[in-house]
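Residues per chain, in single letters:
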Amino acid sequence: MRGSRKYKHVIETPDPGKWELPGYEETLPISEKSNPITRELDKADPVQLVQLLRDCDAEIFQEEDESPIHYERLYSESTLKRVEEVAKRVQEILKSPDEGLIVLSGCGTSGRLAMLLSNSFNRLLKGLHKTPCYTYIISGGDRSIVTSQEAPEDNPRLGAEELQRVCEGKKQVVYIGISCGLSAPFIAGQLEFCMKNLDKFLPVLVGFNPVNMARNESIEGSHFTFRQVAERMQSLQDGQRAFILNPAVGPEGICGSSRMKGGSATKILLETLFLFAHKAESNVAVTEKCLLEILRTYERAHKVTYSQSKKIAALTKQCATSLQKKGHFYILGWGTLGLMGIMDAAECPPSFQADCGDVRGFVRGGYNSLENKEGDLSSAGPEFAISHDDFVKSVLPSLSETDTVLFIFTLDDDLSEVEKLVTQVKEKTSNVHAISHAIAGQYMPTSTKKIIPNVIGVTWPILFLEYEGAFIQKFQRELSTKWILNTVTSGAHVLKGKVFKNFMVDFKIANSKLFHRAVSVLQRLSGHSQHRCTEALLRAIYGVQDLPDQIKNAAITKHAEEASSKEKVVPTAIVSLLRSCTFQESRARLDASSTVRAAIESSLNVPGRKRGAESTDSGGHS
Ligand code: F1P
């Protein structure tokens, strides 16, 4: 395939994976398939783990091929063309910022990225003495930036109301709804609202599944499914009244974890689109070549980042050691790199049932630096304390040798401040690491080098670009940091036994998408029917062996509400299915086992159990 590549690539993208072949986990959308690259992720050592996740990330840049099912990709002509079309519409807003607005909206990681991007491009405009015209919406409001609030994701009405509120008084709105899995009801509600008001709104959907794989379960409190909404948008696309940007980027390294590739691809795709729009607005002649040049800087970021694989592996191992010893992993960042730490930490509880204190992110300047709409939220609870001062006040006194602290900065940040904080931390723990971003020719001062024992030094080539060049550099650093952190925290939880093969097996069922994912994982691991797996899951959620009709017939959001405060729900259901035992016995076995993974492994090896069920292809978006 490589010979037929149209574009000159910066990195070697993997050959097309088995996931693209007809019949591979056929009933599942790409975003929920298990990636063949990471099938043995749970048996990998830290070095292999980083290599496997690196290869998964490289798939983002893979080109469309000529296999029987060929998916549209980031570099496909059709994708690039649509990016250009949307960029033109963004330019119209940039020309009359008082009347227009560009709204980015998403749930969870997608919403956090919506904030990051809207702030970045407003800053870019302010630097040119122009009026900021970007804004963001995150389901659950600004609290969801720092912590995971998954339930509002299920509410299409909330989404539509919030969009209407944000756009009041505006004449033209480019609305960009991000849902990596083409699945969030909150976003479906907003798209539906836009399509009812096409004179004012241009709806744009961003995600990483083809439309025929969009979620097709009915949405509570509405008459449409996500797929129906996406199909209507598709029919409006010919007349350029709506757009869908949905290149395939391959399944996640950890099945369904859209914070990883989904989040990275969102950042790459939308930053490229906006940079392109801004370039054109400044009357620079823009061509497809321009788009490709921007995309290539991201490919270069992949190469530069993973050239540090050995050190990333060492940090992953250290983070895992801390978590295994019931210690903590603290991430202290400067500027938007601090936000990358907060974003990463926020996803550990829902993905791995981590305690919200296990991995925590802090940013210099706290909420002032985040520039979130609702301002200082630190009074909302201890987990909302996110400044370095908060760290010094509330964490430092109890910091110990079991904890690991990671500092993330650029060599342009105030290094005396970094050194001061490192010195304080070193009095409590020797496990101090750093990610330091430099531009070629910049060197870390000896005083800093001396006090930080383990530094992942990422050096970026100088970009001879005009004003936007500085932003591209910032975007590269953010993405690189995101890749490292996703790898480190996901990898550490794999090493902690929270993943079986490449399936999350101990995640929080906090909304309907996650409920369906749980049933699908149960089917794939046990080989049992959807009905039997759903019942096993309900027993684990409600803690009853005989399920009354009242439970069986309750809405999925009710199950999610009940499950969100419970522990080990998914593992209990898995072990009970594998051993055909009660949920109580299953729970007791899990409690006696060293890790969730070990309990599942030993249950699979029970004598007399039907082998091979774990490879059964079933479940998915109905
Ligand atoms: C939204 C999201 C993810 C998060 C988790 C739950 O997904 O909140 O960001 O990592 O998996 O769902 P999506 O709507 O962007 O697919």
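The structure we're discussing is the one just above.
If you're wondering where the values come from, they're calculated on a predicted model, not measured in any experiment. Throughout, a residue's number is its position along its own chain's written sequence, starting from 1. Per-residue local features of the predicted model are confined to residues with pLDDT of at least 70, and side-chain atom pairs are confined, for both listing and counting, to 80 or more; whole-chain, interface and lining totals are unaffected and use all residues. Computation of side-chain values: all heavy atoms of the structure, hydrogens and water removed.

Draft legend 1. How the structure looks around the sheet that holds strand β6 (residues 329–333). Whether two strands pair comes down to DSSP finding at least two bridges between them. Helix and strand assignments follow DSSP, with helices taken as H or I runs no shorter than four residues and strands as E runs no shorter than two, numbered in order from the N terminus. Pairing in this open sheet of five strands is parallel, and the strands run β7-β6-β8-β9-β10 from one edge to the other. Each of the sheet's edge strands pairs with one partner strand only, and the pair in question is β7 (359–363) and β10 (454–460). When strand polarity is set aside, the average angle formed by the axes of neighbouring strands in this sheet is 15°. Bridging between strand β8 (residues 404–410) and strand β9 (residues 432–439) involves six bridges; their strand directions are parallel. Within β9, the position partnered with Val405 by the bridge is Val432. Contacts are assigned to residue pairs with any non-hydrogen atoms lying within 4.5 Å of each other. In this description, a line fitted to the C-alpha atoms serves as the axis of each element, helices being fitted only across the stretch in contact, and the angle between N-to-C directions of two axes falls anywhere from 0 to 180 degrees. Helix α17 (residues 467–495) contacts β6, β7, β8, β9 and β10 of the sheet and is inclined by roughly 145° relative to β10.

Draft legend 2. Looking closely at the layout of surface pockets. We place a 1 Å grid over just the protein atoms. Points where a 1.4 Å probe fits but has no way out form a cavity, open points with protein on both sides within 12 Å along at least 5 of 7 lines form a pocket, and any residue with an atom within 4 Å of a point lines it. Grid points are joined across faces, edges and corners, and a volume is the space filled by probe spheres set on the points. One number sums up the size of the largest pocket: a volume of about 640 Å³. Around the largest pocket, the lining is made up of 24 residues, and of these Lys326, Gln353, Lys496, Lys498 and Lys568 lie nearest the centre. At the level of elements, α10 (309–324) and α23 (583–592) are the ones that each hand at least two residues to the lining of the largest pocket. Throughout, the ten residues Ala, Val, Leu, Ile, Met, Phe, Trp, Tyr, Cys and Pro are labelled nonpolar, Asp, Glu, Lys and Arg are labelled charged, and all others, Gly among them, are labelled polar. Along the lines of polarity and charge, the residues of the lining of the largest pocket split into four nonpolar, nine polar and eleven charged.

Draft legend 3. Here's a closer look at the pattern of salt bridges. Criterion for a salt bridge: a side-chain nitrogen of Lys or Arg within 4 Å of a carboxyl oxygen of Asp or Glu. For the structure on display, the rule yields 31 salt bridges. One salt bridge connects Glu293 with Lys289, and the closest N-O pair in it is separated by 3.8 Å. Placement of both Glu293 and Lys289 in helix α9 (residues 288–306) is noted, with a separation of four residues, approximately one turn of the helix.

Draft legend 4. Here's a closer look at the packing of aromatic side chains. For Phe, Tyr and Trp, where Trp contributes only its six-membered ring, two rings pair if their centres lie within 6.5 Å, and the inter-plane angle classes them as stacked under 30 degrees, edge-to-face over 60, or tilted in between. Counting across every chain of the model gives twelve aromatic pairs. Judged by centre distance (5.5 Å) and plane angle (70°), the ring pair of Phe193 and Phe201 falls under edge-to-face. Centre to centre, the rings of Trp334 and Phe409 are 6.3 Å apart; their planes meet at 85°, and the pair counts as edge-to-face. Here the residue Trp334 occupies a position in the loop between β6 and α11 (336–346), and Phe409 occupies one in strand β8, the gap between them amounting to 75 residues. Residues Trp334 and Phe409 agree in their burial class; the two are buried. An aromatic cluster of three or more residues is present, and its members are Phe121, Tyr134, Phe274, Phe471 and Phe475. Each residue is assigned to one of three classes by its accessible area relative to the maximum for its type, calculated with a 1.4 Å probe on protein chains only: buried under 20%, partly exposed between the two thresholds, exposed over 50%.

Draft legend 5. Seen up close, the site of the ligand. The cutoff for a nearby residue is simple: one of its non-hydrogen atoms must lie within 4 Å of the molecule or strand. Taken together, the neighbourhood of the ligand is formed by 15 residues, with Ser110, Ser179, Cys180, Gly181 and Lys513 sitting nearest. Here Ser110 contributes a side-chain N or O atom positioned 2.7 Å from an oxygen atom of the ligand. In this structure, Glu153 approaches the ligand through a side-chain N or O atom, which is 3.1 Å from an oxygen atom. Relative to its unbound accessible surface of 390 Å², the ligand loses 97% to contact with the protein. Molecules are considered to sit inside a cavity or pocket once more than half of their atoms lie within 2 Å of its grid points. If you map the ligand onto the pockets, it falls in the largest cavity. Class assignment for the residues of the shell around the ligand results in three nonpolar, seven polar and five charged. Contacts described as polar in this section are N or O atom pairs within 3.5 Å, which, within protein, must combine one atom able to donate a hydrogen with one able to accept it, while residues neighboring in sequence count only if both atoms come from side chains. Using the Shrake-Rupley algorithm and a 1.4 Å probe, accessible areas are obtained, with residue cover drawn only from the displayed protein chains.

Draft legend 6. Representation of the packing of α10 against α17 in the model. Where α10 contacts α17, the two axes come as close as 8 Å, and the packing angle between them is 45°. With respect to α17, the axis of α10 lies oblique. Taken as a pair, α10 and α17 cross one another with a handedness that is right-handed. In this structure, α10 contributes Ile312, Leu315, Thr316, Lys317, Cys319, Ala320, Leu323 and Gln324 to the contact, and α17 contributes Ile484, Thr487, Val488, Gly491, Ala492, His493 and Leu495. Of the residues in the contact of α10 with α17, the class split is nine nonpolar, five polar and one charged. Orientation labels follow simple angle bins: below 35 degrees gives roughly parallel, above 145 gives roughly antiparallel, 65 to 115 gives roughly perpendicular, and whatever is left gives oblique. Crossings are assigned a handedness: left-handed for a near helix turned anticlockwise from the far helix by less than a right angle, right-handed for a clockwise turn.

Draft legend 7. Expanded view of the nonpolar core. Take the buried residues of types Ala, Val, Leu, Ile, Met, Phe, Trp, Tyr and Cys, join any two whose side-chain atoms come within 4.5 Å, and each joined set is a nonpolar core. Counting residues in hydrophobic clusters, the biggest one holds 99 residues, and the most contacted among them are Val90, Ile102 and Phe274. The contacts of Ile102, once residues within four sequence positions are left out, are Val90, Ile93, Leu94, Cys133, Tyr134, Thr135, Val174 and Phe274. Among the nonpolar cores identified, the runner-up in size contains 46 residues, and Phe507, Cys533, Ala536 and Leu537 belong to it.

Draft legend 8. Inspection of empty space enclosed by the protein at higher detail. All told, the structure shown has nine cavities of 30 Å³ or more when counted by the stated rule. Volume-wise, the largest cavity comes out at about 320 Å³. Lining the largest cavity are 25 residues; nearest its centre among them are Glu150, Ser258, Arg259, Glu347 and Lys513. Put simply, the parts of the chain that give the lining of the largest cavity at least two residues each are α3 (109–127), α12 (348–352) and α18 (512–526). Ranked by residues supplied to the lining of the largest cavity, first place goes to α18 with three residues. When grouped by side-chain class, the residues that make up the lining of the largest cavity number eight nonpolar, ten polar and seven charged.

Draft legend 9. Just helix α5 (residues 156–166), in detail. Of the positions making up α5, those classed as buried are Pro156, Gly159, Ala160, Leu163 and Val166. Buried residues in α5, looked at end-on, bunch into an arc of 135°, giving them a common side. Those residues of α5 that are exposed and aimed more than 90 degrees away from the buried face are Arg157 and Arg165. Buried residues in α5 make contact with β1 (100–106), β2 (134–138), β3 (172–178), α6 (185–196) and β4 (201–206). It is the directions from the helix axis to the C-beta atoms that the arc portrays.

Draft legend 10. Local environment of the environment of Leu415. As for its position among the elements, Leu415 is in helix α15 (residues 415–426). Taking relative accessible area as the criterion, Leu415 reaches 12% and is therefore assigned buried. A sequence separation of 32 residues divides Leu415 from Ser447, and the C-alpha atoms of the two residues are 9.4 Å apart. Among all residues touching Leu415, those that are not within four sequence positions of it are Phe409, Thr410, Pro445 and Thr448.

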